[in-house]
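Here is how the chains run, residue by residue.
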Amino acid sequence: MARPKIALIGAGQIGGTLAHLAALKELGDVVLFDIAEGTPQGKALDLAESGPSEGFDAALKGTNDYADIAGADVCIVTAGVPRKPGMSRDDLLGINLKVMKSVGEGIRDNAPDAFVICITNPLDAMVWALQKFSGLPANKVCGMAGVLDSARFRHFLSVEFNVSMKDVTAFVLGGHGDTMVPSVRYSTVAGVPLPDLIAMGWTTQDKLDAIVQRTRDGGAEIVGLLKTGSAFYAPATSAIEMAEAYLKDQKRVLPCAAFCDGDLGVSDMYVGVPTVIGAGGVERILNIKLNKEEQEMFDTSVNAVKGLVEACKGIDSSLA
Ligand code: A3D
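Rules and cut-offs
- Residues numbered from 1 in each chain as written.
- Predicted model: local features only at pLDDT ≥ 70, side-chain atom pairs only at ≥ 80, totals over all residues.
- Heavy atoms only, no water.
- UniProt positions renumbered as here; feature names shortened; annotations may be inferred.
- Helix = DSSP H or I, 4+ residues; strand = E, 2+ residues; numbered from the N terminus.
- Buried < 20%, exposed > 50% of the residue type's maximum accessible area, 1.4 Å probe, protein only.
- Contact = heavy atoms within 4.5 Å.
- Near = heavy atom within 4 Å.
- Polar contact = N/O pair within 3.5 Å; in protein donor to acceptor, adjacent residues only side chain to side chain.
- Areas by Shrake-Rupley, 256 points an atom, 1.4 Å probe, with all protein chains shown as cover.
- Nonpolar A, V, L, I, M, F, W, Y, C, P; charged D, E, K, R; others polar.
- Domains from an automatic or database assignment.
- Buried area = accessible area lost by both parts, 1.4 Å probe.

Before going further, it helps to examine the UniProt feature "active site" (unreviewed entry) in the protein chain. Following the UniProt record, one finds the feature "active site" (unreviewed entry) at His176. Looking at the secondary structure, you find His176 in the loop between strand S7 (168-173) and strand S8 (181-189). Given a relative accessible area of 10%, His176 falls into the buried group. Leave out the neighbours within four places in its chain, and His176 touches Arg89, Asn121, Leu123, Asp124, Ala145 and Asp149.

Shown next, in the form of structure tokens:
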């Protein structure tokens, strides 16, 4: 059987890390696409030369021609610009919307059967626009944010409780922005919900509140430290987890920016929700029940995304 083909649109910090991980995990052959001449070719060759030591056989190709992504099974999109210190994700909207148009058309014309994972920010609005520009079915286009935000939450919780990260489950709902909603009630250590752990004296409400806020600010914390760009190792790992769930039909339950058609009360928008990812793409959305406080936070987050979607429609009339 032929190996799956993984197209990475954008060969920057995240794109290069995605290529490395996809090759190490032997998920398939990798095509790195970018508009910058030489960058995808150089990264692909450098990574291919790590194959003999690592012992992988994946083929890696760098290109500036969309024709090379033809027939891709998975496309992961990081094309665009990342933020610098002092910028919010929303500041990227105008420039990255234009990028989504060319990327959407490139995927539509060359890889219409692919499962598409968008990472470009502002995530929820960009994945919405990418689906419109590409015309691919909504269940085959989704955004990576929830896996990363949840991983950050899980990491901070595991440090607080001094337990393995493997035993901490958590998920973060809503838009991938300052209003995201880390779900305390549905997050657990080996099945024990966080509120019970407060009652057990494992942490305090104040410490938990600080962890929730640090999760919300997780991207900005790294931008502030790096100064020249944004996080790339954990974002790439998170998207690879989603790609693997699709390629291996794992039916993983992962939070991602999925198209909501009445799900959790949201219509005609992409927003972070718990989903099942398998060979059918986003196969299901878990319509979990929120309490009053969670619903209010979720609604605030959804409204923030709605504002960005409206701004996209204002910039590009074909989206209206
Ligand atoms: P960077 O290293 O700058 O790579 C972006 C690449 O996109 C560069 O190589 C560009 O040449 C390329 N590019 C620009 N325009 C086009 C185009 N029209 N077609 C093809 N390629 C193009 O950025 P990065 O890899 O660090 O980040 C990529 C994106 O991911 C940014 O928008 C970040 O804000 C976003 N990001 C999202 C998350 C989420 O959790 C959602 C996390 C971290 C970064």
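Still to come is the rest of the account.
Turning our attention to the site of the ligand. In the region of the ligand, 26 residues are neighbours, and Gln13, Ile14, Asp34, Val81 and Ile119 sit closest. Within the backbone of Gln13, one N or O atom sits 2.8 Å away from an oxygen atom of the ligand. Separating an oxygen atom of the ligand from a backbone N or O atom of Ile14 is a distance of 2.9 Å. In the complex, the protein chains occlude 88% of the 870 Å² of accessible area that the ligand would expose alone. For the shell around the ligand, the secondary structure elements donating two or more residues are helix H1 (13-24) and helix H4 (93-110). Residue classes in the shell around the ligand are distributed as 15 nonpolar, 10 polar and one charged.

Quick look at the domain arrangement of the protein chain now. Per the domain assignment, the segments of the protein chain are domain 1 (5-144) and domain 2 (146-313). Each of domain 1 and domain 2 has a C-alpha centre, and the two are 22 Å apart. Residue-level contacts link 41 residues of domain 1 with 47 residues of domain 2. Taking both sides of the interface into account, the surface hidden between domain 1 and domain 2 amounts to around 3,600 Å²; carbon and sulfur atoms contribute 72%. Interface area lost by domain 1 to domain 2 is led by Asp124, Trp128 and Met144, which between them contribute 21%.

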